[in-house]
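Each chain, letter by letter, is given below.
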Amino acid sequence: MVSGLIASGRIRTRGVERAFRAVPRHLFLPELPSEQAYQDEAVATKWVDGVAVSSASQPSMMAIMLEQLELRPGHRVLEIGAGTGYNAALMSEVVGPAGSVVAVDIDEDLVQSAGEHLAAAGVPGVTLATRDGALGYPERAPYDRIVLTVGSWDIQPAWWRQLAPGGRLLLPLSVRGSQLSVALDLMPGPPPYLRGISVRSCAFVRLRGQGAGPESSRPLDTDGLAVQTGDQRELDTAGLRALLRSPGDERVSSVKLAAVDLWDGLGLWLAVREPNVCRLLVSAAASDRSPSLLPVGMDGGTVALLGERGLAVVVPCGHASAELDRRFPVAVRPYGPDGAGLADRLGGLLGAWAAAGRPSAAELRMRAYPSDTTPPPGAGSVLRKAHSQLVLDWPDNRVAPGLS
Ligand SMILES: C[S@@+](CC[C@H](N)C(=O)[O-])C[C@H]1O[C@@H](n2cnc3c(N)ncnc32)[C@H](O)[C@@H]1O
């Protein structure tokens, strides 16, 4: 597993490699046959009402995040989302005896079993606590690093307060439905702000408790079609269902898309620029009946713009490619009285994204400010949350050609 993570470029530094080699993952997944623990796969470990609420994250993603974190021996670290305890053990290995790791989880049973796993692996020096991570863990603050291994909609005030000067916050953060693993360094200001230094696409279970976000996906039928918006706006789902029964004339785009563009690429570009972006999500079982940018047989969906009396949806011409990074032709399909206008707008955004060189998460610039401060004007699109505001943009000097 470790050799694979090095070959794929996920592990890039000696410290992270050493940690992965030193900590046996199977001891953190005792229910699984040992060999299976060394597949590069996430393993769900707890469900509530059929929804996974805890998992041992995919090793690739863990390696990406550990590299984003840039841990050093002696660092004081807070992890929110202890889960199995595996990531806390890896981090403890990197920070060494001069450093410290506190890992909290909202569920008592998970904290209990994480403690058993850490003891079985003989990892000393991790402090575990049952706690709503939205509040951090002030008892041991300040921290050089605060890392969430669970998706968050907002940046909680406790995390700002508990970061040491120059400290780094790493979290899977929602940007209107796209989830990004962002490493943000605390800058003194005034006003103090968090400066994004690394952004990657990711997919984590969401924070529960006080910090749970308003993001939601609402079912449109019993067949696995749902609509997901980045906020909790009122939605007439029955009206939307009716609209979706009468599509207008499709316009084929000169821009081709790949599966990754659902959440990253075009999906993220729309999320940054368009408050009205939404996604139509489709389950694997229904994937042959609804438009999806992912191959038939996989959970997927597509991006859309939602208006008062209509929507415009990106649809594959035929089916999406079975290879996730292969581009295929798409069209924009209008629905409802406002559909044609929205389709014009969506087609324009699709062209602008391609003309800008198909920007993606890796190049996104992000700054985060507390919600009660004023970000400098003109720095990018501003996305306001309850406790923070994100200023988002791509550098202008990106490679421009490459239209499709
Ligand atoms: C993807 S798992 C973390 C995996 C873990 N880092 C590991 O190495 O196994 C996400 C965890 O976040 C926890 N969680 C969810 N909401 C939380 C909250 N408000 N505070 C603390 N933990 C939370 C879940 O219970 C779950 O165990």
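Residues numbered from 1 in each chain as written. Predicted model: local features only at pLDDT ≥ 70, side-chain atom pairs only at ≥ 80, totals over all residues. Heavy atoms only, no water.

Visitor: Give me the packing of helix α2 (residues 14–22) against helix α4 (residues 86–95): which residues, what numbers.
Guide: Packing of α2 against α4 brings their axes to within 9 Å, and their N-to-C directions diverge by 125°. One way to sum up the angle between α2 and α4 is to call them oblique. Seen from above, α2 lies across α4 with right-handed handedness. Each of Gly15, Ala19, Phe20 and Ala22 in α2 lies in contact with α4, whose residues at this interface are Tyr86, Leu90, Glu93 and Val94. A breakdown of the residues in the contact of α2 with α4 according to their chemical character gives six nonpolar, one polar and one charged. (Axes fitted to C-alpha atoms, helices over the stretch in contact; angles between N-to-C directions. Helix = DSSP H or I, 4+ residues; strand = E, 2+ residues; numbered from the N terminus. Parallel < 35°, antiparallel > 145°, perpendicular 65-115°, else oblique. Left-handed = near helix turned anticlockwise from the far one by under 90°. Contact = heavy atoms within 4.5 Å. Nonpolar A, V, L, I, M, F, W, Y, C, P; charged D, E, K, R; others polar.)

Visitor: Requested: an account of the sheet that holds strand β14 (residues 300–307), with residues and values cited.
Guide: Across the sheet, seven strands lie side by side as β10-β11-β13-β14-β15-β16-β12; this open sheet has antiparallel pairing. Unpaired on one side and paired on the other, β10 (216–219) and β12 (251–257) mark the two borders of the sheet. Taking the axes of each pair of neighbouring strands and ignoring which way they run, one obtains an average angle of 30° across the sheet. The sheet contact formed by strand β11 (residues 225–229) and strand β13 (residues 277–282) spans five bridges and is antiparallel. Paired with Ala226 across the strands is Leu281, a residue of β13. In the packing of helix α8 (residues 265–273) onto the sheet, contacts are made with β12, β13, β14 and β15 (310–316), and the angle to β13 comes to roughly 140°. (Pairing = 2+ DSSP bridges.)

Visitor: Give me the lowdown on the packing of aromatic side chains, citing residues and values where you can.
Guide: Centre distance and the angle of the planes are the two values used to describe a pair of aromatic rings. Using the criterion set out here, one finds four aromatic pairs in the structure. Measuring from centroid to centroid gives 5.5 Å for Phe28 and Tyr86, while their planes differ by 45°, and the two rings are tilted. Of this pair, Phe28 sits in the loop between α2 and β1 (43–48) while Tyr86 sits in helix α4, and the two are 58 residues apart along the sequence. With relative accessibility at 1%, the residue Phe28 sits in the buried group. In this structure Tyr86 comes out as buried when scored by relative accessible area, which is 2%. Clustering of aromatic rings is evident, with ring pairs tying together Phe20, Phe28 and Tyr86. In this structure, Arg273 packs its charged tip against the face of Trp269, placed 3.9 Å from the ring centre. (Phe/Tyr/Trp six-rings, centres within 6.5 Å; stacked < 30°, edge-to-face > 60°. Buried < 20%, exposed > 50% of the residue type's maximum accessible area, 1.4 Å probe, protein only. Lys NZ or Arg CZ within 6 Å of the ring centre and 35° of its normal.)

Visitor: Describe α8, listing the residues and the values that go with them.
Guide: Burial of α8 is extensive: eight of the nine residues sit out of reach of the surface. Among the residues making up α8, those that are buried are Gly265, Leu266, Gly267, Leu268, Trp269, Leu270, Ala271 and Val272.

Visitor: Go over the pattern of salt bridges, please, and point to the residues and values.
Guide: This model, assessed by the stated rule, comprises 18 salt bridges. In this structure, the salt-bridge partner of Glu139 is Arg131, at a minimum N-O distance of 2.6 Å. The shortest N-O distance in the salt bridge between Asp223 and Arg289 comes to 2.8 Å. With Asp223 in the loop between β10 and β11 and Arg289 in the loop between β13 and β14, the pair connects residues that are 66 residues apart, well separated along the chain. Residues joined in a network through salt bridges with shared partners are Lys46, Asp107, Asp109 and Arg208. (Salt bridge = Lys/Arg side-chain N within 4 Å of Asp/Glu carboxyl O.)

Visitor: Could you give an account of the site of the ligand, naming the residues involved and the relevant values?
Guide: Taken together, 25 residues surround the ligand, and among them Ser54, Thr84, Asp105, Gly133 and Arg208 come closest. Between Gly81 and the ligand, the recorded distance is 2.9 Å, taken from a backbone N or O atom to a nitrogen atom. Within the side chain of Thr149, one N or O atom sits 3.1 Å away from a nitrogen atom of the ligand. Summarising the interface, the protein chains cover 100% of the accessible area of the ligand, which totals 600 Å² for the free molecule. Breaking the shell around the ligand down by element, the ones donating at least two residues are β2 (51–56), β3 (76–80) and α4. Ranked by residues supplied to the shell around the ligand, first place goes to β2 with four residues. Residue composition of the shell around the ligand, grouped by class: 10 nonpolar, 10 polar and five charged. (Near = heavy atom within 4 Å. Polar contact = N/O pair within 3.5 Å; in protein donor to acceptor, adjacent residues only side chain to side chain. Areas by Shrake-Rupley, 256 points an atom, 1.4 Å probe, with all protein chains shown as cover.)

Visitor: I'd like a rundown of the domain arrangement of the protein chain, residues and numbers included.
Guide: With domains assigned, the protein chain is organised as domain 1 (2–211) and domain 2 (217–355). Between domain 1 and domain 2, the residue contacts involve eight residues of the former and 12 residues of the latter. Buried surface at the junction of domain 1 and domain 2, summed over both partners, amounts to about 780 Å²; 51% is from carbon and sulfur atoms. Sorting the residues of domain 1 by area buried against domain 2 places Arg176, Gly177 and Ser178 first, and these three jointly supply 64% of that buried surface. Summed over the shared surface of domain 1 and domain 2, the result is zero salt bridges. (Domains from an automatic or database assignment. Buried area = accessible area lost by both parts, 1.4 Å probe.)

Visitor: Quick one: what's the story with α4, residue by residue and with numbers?
Guide: Burial analysis of α4 places nine of its 10 residues in the buried class, which makes it a mostly covered element. Taken residue by residue, α4 has Tyr86, Asn87, Ala88, Ala89, Leu90, Met91, Ser92, Val94 and Val95 as its buried positions. In the stretch just after α4, Gly96 is the one whose phi turns positive, near 70°.

Visitor: Which residues make up unusual backbone geometry, and what values do they have?
Guide: Cis rather than trans, the peptide bond between Ala141 and Pro142 has omega equal to 5°. Position of Pro142 relative to the elements: it lies in the loop between β5 (126–130) and β6 (143–148). Here Arg176, not a glycine, exhibits a phi torsion of approximately 40°, which is positive. Considering the arrangement of structural elements, one finds Arg176 in the loop between β7 (163–175) and β8 (178–187).

Visitor: Which residues make up the nonpolar core, and what are the values?
Guide: Of all hydrophobic cores here, the largest spans 62 residues; its most connected members are Ile155, Trp159, Leu169, Val175 and Met366. Among the elements that take part in this core, helix α9 (residues 339–355) stands out by supplying seven residues, more than any other. Setting aside anything within four residues of it in sequence, one finds Leu169 in contact with Ile146, Leu148, Ile155, Trp159, Leu163, Val182, Ala183, Leu184 and Leu194. In terms of nonpolar packing, the next biggest core, distinct from the first, is built from 35 residues, Val94, Val101, Leu170 and Ala183 among them. (Core = buried A, V, L, I, M, F, W, Y, C linked by side-chain atoms within 4.5 Å.)

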